[in-house]
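Observations on the three-dimensional arrangement
Now for the letters of each chain:
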Amino acid sequence: MTLYGSLREEALELTRDGHFEAAVKVLDKALDTAREIGCEILIGLATVNRARVAIELAPSTELVKQLGQLLLQSSDPETKVRTALSLARAYHLRKDTKKSLFYGRIARQHAEGLDQPEFVAMAHNEIGLSFLAASYFSEAVEEFEQALALLAEGGSQRRAPILDNLGYCYIILGRRKDGFEALFESLRCLRRLDQAWAAMNTMISLSFAHLEHGRPRSAIRHGEAALAIADRTDDPAAVKSSLFLLGEATKQAGDDASARHFFDRLQEKFYPEAPYLAEMLMLIDARTMVNLKA
């Protein structure tokens, strides 16, 4: 394996474990290596690979501008697909659903010109996430189902997050059996692949699913497992979702002391300007305050 290839693999492993800052540093080295080689296509791919991970830390205007320029300037089809996917992700994180959907469709358009169904599946997944963030659940389901149809059955790590997204939508739509089947398949796949950080997200979805169907103790089990990973990997979004769900689950289980503990931690860490929040959440359904996939 070349130096560039080994750096790319190292960064991929770090990303799968949720270590984005470390992955960006490795991808900086990969980009420098691509520049030393002098291949424009490789430089473009290295640039978008670095930006794609850096977006998870902060989808800054500078990164978005860099990706926009790369999308316009690159003549390499794969670079165009990866760049459009990264832009869709950036706008998703910035809560700009319209632009996220726009670039997801651009990614699909370019991906359909390649003989690689995986890229088309990735585009359908991004489009589905845009619909999901906008609460168009049936449209999101259609996109996620199309994505899965393009990927081979089995333990593909590409299938697992899509199954998580699809299962969450099924639960929202009242398709309980389908929802739990998809979520448990996602979790089994990620555990086989030993990808704890990705499994954390499915555990959060399962915690929500159990809450939706009146099983607070099962919700607590999955929520506590997710929170432990979120704390270990310092993932603020996952910590916030886990605390919301654990507070509501322990409250529904009749453990008001634990519920207040989780809600107090939530308020102190994420809403310091709202000292009344924990008391309010003890009185209402906390699930109404969190969108796991937005």
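Overview of the structure. None of the values given here were measured: they were computed from a predicted structure.

Quick word on the side chain of His222
- Relative to the elements of secondary structure, His222 occurs in helix α12 (residues 216–233).
- Looking at His222, the relative accessible area reads 8%, which means it is buried.
- The contacts of His222, once residues within four sequence positions are left out, are Phe184, Leu187, Met203, Leu206, Ser207 and His210.

Describing the nonpolar core
- If you look at the biggest cluster of nonpolar residues, it comprises 104 residues, and the most contacted ones within it are Leu132, Phe144, Met200, Phe263 and Leu266.
- Every residue in contact with Phe263, bar those within four places of it in the chain, is listed here: Leu243, Phe244, Gly247, Glu248, Ala278, Leu281, Met282 and Ala286.

Brief notes about the pattern of salt bridges
- According to the stated counting rule, one finds 16 salt bridges in the structure shown.
- Close ionic contact of Glu56 with Arg52 constitutes a salt bridge, the shortest N to O distance being 2.8 Å. Taken together, the residues span about one helical turn, with Glu56 and Arg52 both in helix α3 (residues 40–57) at a distance of four residues.
- Overall, the relative accessible area of 23% leaves Glu56 in the partly exposed class.
- The partner of Arg82 in a salt bridge is Glu78, with the nearest N and O atoms 3.0 Å apart. Of this pair, Arg82 and Glu78 both sit in helix α5 (residues 77–93), four residues apart, roughly one helical turn.
- Residue classification places Glu78 among the partly exposed residues on the basis of a relative accessible area of 24%.
- By sharing partners, the salt bridges in this structure join Arg52, Glu56 and Arg89 into a single network.

So, helix α7 (residues 117–133)
- Taking 1.5 Å per residue, 17 residues should reach 24 Å; α7 reaches 24 Å between its end C-alpha atoms and fits that length.
- With 14 of 17 residues buried, α7 lies mostly within the body of the structure.
- Backbone geometry just downstream of α7 places Ser135 in the positive-phi region, at approximately 70°.

Quick notes on the environment of Ser60
- Here Ser60 lies in the loop between α3 and α4 (61–73).
- For the pair Ser60 and Ala121, spaced 61 residues apart in sequence, the C-alpha to C-alpha distance is 26 Å.
- At 3.2 Å, the side chain of Ser60 and the backbone nitrogen of Leu63 are in polar contact.

So, helix α1 (residues 3–16)
- Given a rise of 1.5 Å per residue, 14 residues ought to cover 20 Å, and the 20 Å separating the end C-alpha atoms of α1 matches this to within 8%.
- Within α1, the full set of buried residues consists of Tyr4, Gly5, Leu7, Ala11, Leu14, Thr15 and Arg16.
- As for α1, its buried residues are in contact with α2 (20–37), α3 and α11 (196–212).
- Directly beyond the C-terminal end of α1, a positive phi value near 80° is found at Gly18.

The rules behind each value
Residues numbered from 1 in each chain as written. Predicted model: local features only at pLDDT ≥ 70, side-chain atom pairs only at ≥ 80, totals over all residues. Heavy atoms only, no water. Helix = DSSP H or I, 4+ residues; strand = E, 2+ residues; numbered from the N terminus. Buried < 20%, exposed > 50% of the residue type's maximum accessible area, 1.4 Å probe, protein only. Contact = heavy atoms within 4.5 Å. Core = buried A, V, L, I, M, F, W, Y, C linked by side-chain atoms within 4.5 Å. Salt bridge = Lys/Arg side-chain N within 4 Å of Asp/Glu carboxyl O. Expected span 1.5 Å × (residues − 1). Polar contact = N/O pair within 3.5 Å; in protein donor to acceptor, adjacent residues only side chain to side chain.

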